[in-house]
Amino acid sequence: MVESTEFGVGYTKVSLIRRVGIAAGITDIDFLTPAEIRRKLGVVDPETSGLLEAFLNVFDRWFLYTRMIERRITSHDAQLEAERTAAVERRAAAQSQLAKRLLHLEAKDSR
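A few points on the structure.

On to the nonpolar core. Generally speaking, nonpolar side chains in soluble globular proteins are found buried as a group. Core analysis: the largest hydrophobic core is formed by 28 residues, its most contacted members being L16, V20, L52, F55 and L98. At the level of secondary structure, the elements contributing two or more residues to this core comprise α1 (6–23), α2 (34–44), α3 (46–71) and α4 (78–110). For this core, the element with the highest residue contribution is α3, accounting for eleven residues. Excluding its chain neighbours within four sequence positions, the residues that come into contact with F55 are L16, R91, A94, Q95 and L98.

This is the structure in structure tokens:
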């Protein structure tokens with residue numbers, strides 16, 4: 001298993017927030033923090049904002065379980081593995097919904 005790091009997860013989240021902001025048409029994105037982008041997104045496009053927040057929540061949950069297993073903080077029991085598997089499934093579902101929304105926004109923008 002490739003080890004997940006806080007830096008890697010943080011970078012992924014920042015990159016995704018930036019991409020979603022661009023797709024939603026938020027201007028001056030290079031001069032905004034991720035928190036500012038998320039706040040503006042909530043005003044400009046609440047539906048996309050909700051999908052982004054849902055993905056970020058399940059992504060954080062997945063990372064938590066993955067780190068616990070990688071660092072062997074807890075005994076490698078069946079319940080923890082089941083929770084991690086569920087987190088992986090929720091992450092995949094949220095990722096799919098957000099990806100579809102981004103495709104929709106990007107297609108709408110290219111017209």
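Moving on: the packing of α2 against α3. Their axes nearest at 6 Å, the elements α2 and α3 cross at an angle of 140°. By the angle class used here, α2 and α3 are oblique. Listed contacts from α3 to R38, L41, G42, V43 and V44 of α2 are P46, T48, S49, L52, E53 and L56. Class assignment of the residues belonging to the contact of α2 with α3 gives a composition of six nonpolar, three polar and two charged.

So, how was this worked out
Residues take numbers from 1 onward in each chain, read along the sequence in its written order. Thresholds applied to this predicted model are a pLDDT of at least 70 for local features of residues and 80 or more for the giving and counting of side-chain atom pairs; totals over whole chains, interfaces and linings are not thresholded and use all residues. Only hydrogens and water are set aside; all other atoms, that is, all heavy atoms of the structure, feed into the side-chain values. Note on terminology: a nonpolar core comprises buried Ala, Val, Leu, Ile, Met, Phe, Trp, Tyr and Cys residues joined through side-chain atoms within 4.5 Å. Buried, partly exposed and exposed residues are distinguished by accessible area as a fraction of the type maximum, computed with a 1.4 Å probe on protein chains only: under 20%, between the cut-offs, and over 50%, respectively. Strands here mean DSSP runs of E at least two residues long; helices mean DSSP runs of H or I at least four residues long; both are numbered from the N terminus. By definition in these notes, contact holds between two residues if any of their heavy atoms fall within 4.5 Å. Note on geometry: axes are lines fitted to C-alpha atoms, helical ones only across the stretch in contact, with angles between N-to-C directions running from 0 to 180 degrees. Our angle categories are set so that under 35 degrees counts as roughly parallel, over 145 as roughly antiparallel, 65 to 115 as roughly perpendicular, and the remainder as oblique. Think of it as three bins: nonpolar holds Ala, Val, Leu, Ile, Met, Phe, Trp, Tyr, Cys and Pro, charged holds Asp, Glu, Lys and Arg, and polar takes everything else, Gly as well.

So yeah, pure geometry; function would need other evidence.
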